[in-house]
Amino acid sequence: EKLKREMIGLQLLVEGCDASAQDCIVPVVLPGQLPDKANPCVGGSHPAGQGAQLSNGNENPACRNPEGTAAIQCPCCTACQDIIADIEVVQAALPSMEDLN
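Residues numbered from 1 in each chain as written. Predicted model: local features only at pLDDT ≥ 70, side-chain atom pairs only at ≥ 80, totals over all residues. Heavy atoms only, no water.

Peer 1: Would you explain the pattern of salt bridges in this entry?
Peer 2: Opposite charge on two side chains lets them pair, provided their charged atoms get close. A complete count under the given rule lists four salt bridges for this structure. Lys2 serves as the salt-bridge partner of Glu6, at 3.3 Å between the closest nitrogen and oxygen. Of the two residues, Glu6 and Lys2 are both situated in helix 1 (residues 2–15); the distance of four residues between them amounts to about one turn of the helix. Since its relative accessible area comes to 46%, Glu6 is described here as partly exposed. A residue is classified by how much of its surface remains accessible, and Lys2, at 55% relative accessible area, is exposed. Here Arg64 makes a salt bridge to Glu59, at a shortest N to O gap of 3.6 Å. Owing to a relative accessible area of 25%, Arg64 belongs among the partly exposed residues under this scheme. (Salt bridge = Lys/Arg side-chain N within 4 Å of Asp/Glu carboxyl O. Helix = DSSP H or I, 4+ residues; strand = E, 2+ residues; numbered from the N terminus. Buried < 20%, exposed > 50% of the residue type's maximum accessible area, 1.4 Å probe, protein only.)

Written as structure tokens, this is what we have:
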């Protein structure tokens with residue numbers, strides 16, 4: 001579960017948040033799914049939103065134009081999505097505590 005939460009955090013960091021989100025700070029402890037404010041890619045693209053705030057307080061530079069003056073579409077993290085899906089497959093295949101007793 002911790003690995004999945006870490007991958008969700010990475011996905012949020014890369015893909016950013018919805019444009020309407022009040023902030024885009026990646027929480028220290030994430031739930032087992034993307035927060036509502038996330039701006040996940042679907043089919044390899046998503047609308048422009050806001051970049052996640054980095055630990056130095058700056059916005060993810062991948063979500064700004066080269067001059068840093070305007071927001072652009074954050075990149076997609078298809079590898080994040082693939083790894084999260086793989087983790088879920090493995091989790092589903094693990095036996096439950098009842099199965100082990």
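Peer 1: Is there a simple way to think about the state of the cysteines in this case?
Peer 2: Two cysteines, two sulfur atoms, one covalent bond between them: this is a disulfide. Applying the stated criterion across every chain, the model contains four disulfides. Each sulfur of the disulfide joining Cys17 and Cys24 lies 2.1 Å from the other. Between Cys17 and Cys24 the sulfur-sulfur dihedral comes to about 80°; the bridge is accordingly right-handed. Going through the protein chain in sequence order and numbering each bonded cysteine, the pairs you get are 1-2, 3-6, 4-5, 7-8. (Disulfide = S-S within 2.5 Å.)

Peer 1: Hey, could you run me through the nonpolar core in this one?
Peer 2: Soluble globular proteins tend to pack their nonpolar side chains together in the buried interior. Residues Met7, Leu12 and Cys17 are the most contacted members of the largest nonpolar core, which totals 14 residues. Elements with a minimum of two residues in this core: helix 1 and helix 2 (78–93). Examining the composition of this core, we find that four residues originate from one element, helix 1, more than from any other. With sequence-adjacent residues up to four places away left out, Leu12 is seen in contact with Cys17, Val26, Pro27, Leu30, Leu34, Pro35, Ala38 and Ala52. (Core = buried A, V, L, I, M, F, W, Y, C linked by side-chain atoms within 4.5 Å. Contact = heavy atoms within 4.5 Å.)

Peer 1: Explanation requested: the side chain of Lys4 in the structure shown.
Peer 2: Within the secondary structure, Lys4 is located in helix 1. Beyond its immediate stretch of four places on either side in the chain, Lys4 contacts Gly32, Ile84, Ile87, Glu88 and Gln91.

Peer 1: What is the right way to look at helix 1 in this model?
Peer 2: Because each turn of an α-helix spans 3.6 residues, side chains separated by three or four positions in sequence point in the same direction. If you check helix 1, its first and last C-alpha atoms are 20 Å apart, about what 14 residues at 1.5 Å a residue would give, namely 20 Å. The complete set of buried residues in helix 1 reads Lys4, Met7, Ile8, Gly9, Gln11, Leu12, Val14 and Glu15. Along its buried surface, helix 1 packs onto helix 2. One or two residues past the end of helix 1 sits Gly16, with phi positive at roughly 80°. (Expected span 1.5 Å × (residues − 1).)

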